[in-house]
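Understanding the architecture of this molecule
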Amino acid sequence: MTERFTTIRLDQAPEITAPDGSAVRPLCVLPGAASFAQFELAPGQTAKAVSHATVEEIWFVVSGAGEMWRSQDGREEITTLEPGICLTIPLGTTFQFRAGVEGLRVVAATVPPWPVDSPNEARFEIGRW
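This is a predicted model, so every value here is computed, not measured. (Residues numbered from 1 in each chain as written. Predicted model: local features only at pLDDT ≥ 70, side-chain atom pairs only at ≥ 80, totals over all residues. Heavy atoms only, no water.)

**Quick look at the state of the cysteines**
Using the criterion set out here, one finds zero disulfides in the structure. Summary of cysteine pairing: Cys28 is not part of a disulfide, and the nearest cysteine sulfur, belonging to Cys86, is at 18 Å. Under the relative-accessibility criterion, Cys28 is labelled partly exposed at 30%. (Disulfide = S-S within 2.5 Å. Buried < 20%, exposed > 50% of the residue type's maximum accessible area, 1.4 Å probe, protein only.)

What follows is the structure, given as structure tokens:
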């Protein structure tokens, strides 16, 4: 079976609130492979710390600024977020991010696709902030 082409305009994508509190606009999905979305935090907003049960992510900062804290297997790191930064969130990583005074906007690929029918995908964790 051949998959249909998908095209979505960002301004027509629904905005939902992610479990971590960020505003998310789910965009395209390649079934069984990956999904793509835009995440946004308002100026000064801090997301709740989470880890994922089944997905990994690659993030790319498109505007604003902030920080990302990641922790896994006794290693932790804080990364300054600014346009042009790309980072990974491997499976099992606890992470938390926050926006600077300009807010923060990133786009991200989720592999495999975000499981829309799984309320336990994002697990709340103890964060840095």
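**A word on the pairing of strand E7 (residues 86-89)**
The two faces of E7 differ: Leu87 and Ile89 on one face are buried, but Cys86 and Thr88 on the other face are not. Looking at chain direction, strand E5 (residues 56-72) and E7 are connected through four bridges and run antiparallel. When the bridges of E7 are listed, Trp59 appears paired with Leu87. (Helix = DSSP H or I, 4+ residues; strand = E, 2+ residues; numbered from the N terminus. Pairing = 2+ DSSP bridges.)

**Focus: the layout of surface pockets**
Left-over empty space is what a probe sized like a water molecule reveals as it rolls over the atoms. Volume-wise, the largest pocket comes out at about 450 Å³. As for the largest pocket, its lining consists of 27 residues, and the residues nearest its centre are Ile16, Val24, Pro26, Phe39 and Trp114. Among the secondary structure elements, those contributing two or more residues to the lining of the largest pocket are strand E1 (16-17), strand E2 (23-30), strand E3 (34-41), strand E4 (50-52), E5 and strand E8 (94-111). The biggest single contributor to the lining of the largest pocket is E2, with five residues. Classifying every residue of the lining of the largest pocket by side-chain character gives 19 nonpolar, five polar and three charged. Considering only enclosed or pocket space, the second largest pocket measures out at about 250 Å³ in volume. If you trace the second largest pocket, you find it lined by Glu3, Arg4, Phe5, Thr6, Cys28, Val29, Leu30, Pro31, Ala34, Ser35 and Phe36. (1 Å grid on protein atoms, 1.4 Å probe; cavity = no way out; pocket = protein on both sides within 12 Å on 5 of 7 lines; lining within 4 Å. Points joined across faces, edges and corners; volume = space filled by probe spheres on them. Nonpolar A, V, L, I, M, F, W, Y, C, P; charged D, E, K, R; others polar.)

Nothing here speaks to function; it is all geometry.
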